Amino acid sequence: MKVQQLHYAPLLNQLHQRAVRSVVSQLALRSKSLTEYLESQYFRAPGQQGSLLADPVFESTFGWMPAGETMDGLRDKLISNHLVNALSHAPVPFSHQLTAWRTILEDKQSLLVSSGTGSGKTECFMVPVLEDLIRQQEAHRQPLIGTQAIFLYPLNALINSQQERLRDWTKGFKGKIRFALYNGETKHTKYEVQEEQKKIPEQALSREEIYESPPSIMVTNTTMLEYMLIRRKDAPIVDKSQGMLKYIVLDEAHSYIGSQAAELALLLRRVMQAFNVGPGTDNPVQVIATSATIGEDSVEGNQELAKFVADLAGVTERNVKVVRGYRQIPPISDTHIRAEFPLSLTSLNNLTPTELYQQLCQYRVTQELRRALTQQKNPAVRLSELLAIARHIWPEISNRELMQLLDLMAKARADTSDNSLAFTPLRMHGFIRTLAGLWACSNRQCAHKSHELQNKDWSFGQIWSEQRLFCDCGAPVFEVLRCSGCGTAYLSAKEELKNDGTTWLSAQPTVADEDEFALEVDLYRDDEDEDSLHLHHHDI
């Protein structure tokens, strides 16, 4: 058994160095003093004030709790033979997946699935939706026409990521069960995709094809869904799907908060009304929401989540089920403990993975760290929190020694088999702090100026990484600007004439820069439709 070991301490240090060098080089400041000061601040330990790196977060990556039934046991009972074969890579579903399938297919309830990354949340809704369509197609022996499921994703990248999976799972039906990815990138005419369409009959590749024969599954975003309701050219989708819509899926549900969640609730009510489904009709709709992290794992937290989905679906909370995914964590007894902490990390590193596993079971510090990292209610833990836990047992342990210990916990294996579990399999999340700007005290003789800034090439006082009006010395603070030509630093200020006739300098109002992380704003124009509406929208 060969174990590939990650070394968190040097990895984090390397990321830190590269990030600092990148930021400082982009600033290209002429003042050597200011550059050295910024480097000293940005290179502080992650999580400290001024550091470019936030406190890293660790989470355990034990496997997810398996269901009590195999896929073969579900074949042609809950799940059709076709889907069982498509899911051959997973002979046993996860417990939360099977619960979700039964909730959707048997109980006909709305649902919220909250489970971590990599836990198969997509299968939680895609398998039962496809199963329902397969049952209909086999019963009627006719191609299914009309949209029965709408999958809503917040970003186009997430929409496109589902294409390959949907193709694999529907290609065996030769176009009798179809889907479409409907966003701003969808081609308009059949002519543009005619050759590709012949090869992929299971996917409607053009808008003309979608209008003429709406597919059973529509993967889209809220903007395109809005257009579907108000644009004349999209009317055939709704007209040919009257009373058919059965499922509305919200992926990444945690992204809908505040006013955005309220707008989505209103949009979904309009969608149900347009499709003639939902409350007040004989055509119920199941709303299915998924999220990696949402709500507190408690009775009260689940009730709040059920209410969130119920309000979207227009049903009572009793008709909504909250399903959570849990990791399968092998227990380690405290009776193995022989010492509080190891005397030498170097000697531990020389052990084989299986020897190391047995040794780590004997230390209270590693047992407590493992316990902290495997709490279901708080699966992600900051390094500073882990350090506090370790120091209760091992007072002298340093930040670097803790990360070395985490390395060893991820390296240790219970036995020599290829599928052997680590003592604590880990994933590290590193975060770089965004920089809003720099501000400087206008007093050259500032008593609070750091020693790196005392040289003559820096003409002002103390540097601040957050906006403020006055320095601790009492002098006004202004934003630092840089000449793009020579790199010289200046202070941004404006003159103000006071009532007594004196002129004072005051800070310039902050100019809002374009947010590079904002969703793309575009103007959709359909030149072929003179009655089309021209609206601003996001991420089409």
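Look above for the structure.
Residues numbered from 1 in each chain as written. Predicted model: local features only at pLDDT ≥ 70, side-chain atom pairs only at ≥ 80, totals over all residues. Heavy atoms only, no water.

This part covers the state of the cysteines. Summed over all chains, the structure comprises 0 disulfides. In this model C471 remains outside any disulfide bridge; the closest cysteine sulfur is found in C446, 3.7 Å from its own. (Disulfide = S-S within 2.5 Å.)

The next subject is the pattern of salt bridges. In the structure shown here, the tally under the stated rule is 19 salt bridges. In this structure, R270 and E226 form a salt bridge, with 2.9 Å as the shortest nitrogen-oxygen distance. In this pair, R270 is assigned in helix 13 (residues 258–275) and E226 in helix 11 (residues 222–230), connecting sequence segments 44 residues apart. Linking E496 and K498 is a salt bridge whose minimum nitrogen-to-oxygen distance equals 3.5 Å. With a relative accessible area of 29%, E496 lands in the partly exposed category. (Salt bridge = Lys/Arg side-chain N within 4 Å of Asp/Glu carboxyl O. Helix = DSSP H or I, 4+ residues; strand = E, 2+ residues; numbered from the N terminus. Buried < 20%, exposed > 50% of the residue type's maximum accessible area, 1.4 Å probe, protein only.)

Next up on the list: the nonpolar core. F58, L386, L402, L406 and I463 are the most contacted members of the largest nonpolar core, which totals 54 residues. For F58, the contacting residues outside a window of four places in its chain are Y8, L373, P379, A380, V381, L383, L386, M403, L406, L426, R427 and M428. The next biggest cluster of nonpolar side chains, apart from the first, holds 41 residues, and it includes L225, M228, F275 and A313. (Core = buried A, V, L, I, M, F, W, Y, C linked by side-chain atoms within 4.5 Å. Contact = heavy atoms within 4.5 Å.)

With that settled, consider the sheet that holds strand 12 (residues 463–464). Taking strand neighbours across the sheet as the criterion, the 5 strands line up as 12-11-13-14-15 in an open arrangement whose pairing is antiparallel. Since the sheet does not close on itself, it has two edges, and those belong to strand 12 and strand 15 (503–507), each with one partner. Relative to strand 12, strand 11 (residues 439–441) runs antiparallel, the two being bridged by 2 bridges. Looking at strand 12, one finds that A440 is bridged to I463. (Pairing = 2+ DSSP bridges.)

Okay, the packing of aromatic side chains next. Evaluation of the coordinates by the stated rule reveals 5 aromatic pairs. Their ring planes at 90 degrees and their centres at 5.2 Å tell us that Y8 and F58 sit as a pair that is edge-to-face. Taken as a pair, Y8 in helix 1 (residues 8–27) and F58 in strand 1 (residues 57–60) lie far apart in primary sequence, 50 residues in all. Among the residues examined, Y8 registers a relative accessible area of 2% and is labelled buried. Under the relative-accessibility criterion, F58 is labelled buried at 0%. Positioned over the ring face of Y227 is R231, at 4.7 Å from the centre of the ring. Taking the ring centre of F423 as reference, the NZ or CZ of R370 above it sits at 5.6 Å. (Phe/Tyr/Trp six-rings, centres within 6.5 Å; stacked < 30°, edge-to-face > 60°. Lys NZ or Arg CZ within 6 Å of the ring centre and 35° of its normal.)

Here we come to the packing of helix 18 (residues 383–393) against helix 19 (residues 399–411). Viewed as axis vectors pointing N to C, helix 18 and helix 19 meet at an angle of 95 degrees, and their least axial separation amounts to 10 Å. With respect to helix 19, the element helix 18 is oriented roughly perpendicular. Along its contact with helix 18, which presents L383, L386, L387 and A390, the element helix 19 presents N399, L402, M403 and L406. Looking at the contact of helix 18 with helix 19, its residues break down into 7 nonpolar, 1 polar and no charged. (Axes fitted to C-alpha atoms, helices over the stretch in contact; angles between N-to-C directions. Parallel < 35°, antiparallel > 145°, perpendicular 65-115°, else oblique. Nonpolar A, V, L, I, M, F, W, Y, C, P; charged D, E, K, R; others polar.)

The 3 strands are arranged 9-1-10 in an open sheet whose pairing can be described as antiparallel. Of all the strands in the sheet, just strand 9 (380–382) and strand 10 (426–429) have a single pairing partner and so form its edges. Direction aside, neighbouring strands of the sheet carry axes that sit 30 degrees apart on average. In this structure, strand 1 lies alongside strand 10, joined through 4 bridges in antiparallel fashion. From the neighbouring strand, V57 faces strand 10, where its bridge partner is H429. Across the sheet, helix 18 is in contact with strand 1 and strand 9; its angle to strand 9 comes to roughly 75 degrees.

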